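Residues per chain, in single letters:
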Amino acid sequence: MQNEATVQASVKLAASKAGWRLWRNNVGVLLDSRGVPVRYGLANESKQVNSMVKSGDLIGIRPVLITPEMVGQTIGQFVSIECKREGWKPSATDGHEQAQARWAEIVLLHGGYAKFSTGDL
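Note that the coordinates shown come from a computational prediction; the quantities given were computed from them, not determined experimentally.

The rules we used
Residues numbered from 1 in each chain as written. Predicted model: local features only at pLDDT ≥ 70, side-chain atom pairs only at ≥ 80, totals over all residues. Heavy atoms only, no water. Helix = DSSP H or I, 4+ residues; strand = E, 2+ residues; numbered from the N terminus. Buried < 20%, exposed > 50% of the residue type's maximum accessible area, 1.4 Å probe, protein only. Contact = heavy atoms within 4.5 Å. Areas by Shrake-Rupley, 256 points an atom, 1.4 Å probe, with all protein chains shown as cover. Lys, Arg positive; Asp, Glu negative; His and termini not counted. Charge placed at Lys NZ, Arg CZ, Asp CG, Glu CD. Pairing = 2+ DSSP bridges.

Asks: Sorry, what's going on with the overall build of the protein chain here?
Replies: Scanning the protein chain from terminus to terminus reveals three helices and six strands. Put simply, the protein chain runs from its N terminus to its C terminus through helices and strands in the order α-β-β-β-α-β-β-α-β. The C-alpha extent of the protein chain, read off along each of the three principal axes, is 55 × 35 × 30 Å. When each of the 121 residues of the protein chain is scored for burial, the buried share is 33%. Sequence separation of 24 or more characterises 57% of the internal contacts of the protein chain that already satisfy a separation of 6 or more. With the model as given, the accessible surface of the protein chain reaches about 7600 Å², and the carbon-plus-sulfur share is 59%. Measuring between centres, the 14 positive side-chain charges of the protein chain sit 4 Å from its 11 negative side-chain charges.

Structure follows, in structure tokens:
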């Protein structure tokens, strides 16, 4: 059974082969040299925001060919993938997972591509 780190590596490899570009999105908070908290990662402006939405493990962009009515242009579509260990099943009661699902919902509602992955794109 693949752990989350192995799933991330598999997803990044598959994405690269498909012409996508994904980067690890580390999220957290550290203290600077003065002891002041510095938050990093997407959707982590405050503890309150991060408790409601948790951005995906991998963030990036994928090429999408626009339909003929848009003159056949290729655009870059925002991508967010939350990697889970092989065999993972969603939980309706896990608050952390629910916050991750809310982030994916926001991305999808705004035309991006978002999903939970156990190894696939």
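Asks: How do you make sense of the environment of Val29 when you look at a structure like this?
Replies: By the secondary structure assignment, Val29 is in strand β2 (residues 28–31). Measuring from C-alpha to C-alpha, the distance between Val29 and Asn44 comes to 8.7 Å, with 15 residues separating the pair along the chain. Every residue in contact with Val29, bar those within four places of it in the chain, is listed here: Pro37, Val38, Arg39 and Tyr40.

Asks: How do you make sense of the pairing of strand β4 (residues 58–65) when you look at a structure like this?
Replies: Both faces of the sheet carry side chains from a regular strand, because those side chains alternate between them. Across four bridges, the pairing between strand β1 (residues 21–24) and β4 is antiparallel. Across the sheet, the residue bridging to Arg24 is Leu58, located in β4.

Asks: When you look at the environment of Leu108 in this model, what are you seeing that I'm missing?
Replies: Topologically, Leu108 is positioned in helix α3 (residues 95–109). Residue classification places Leu108 among the partly exposed positions, given a relative accessible area of 47%. Residues Leu108 and Ser80, 28 residues apart in the sequence, show an inter-C-alpha distance of 9.4 Å.

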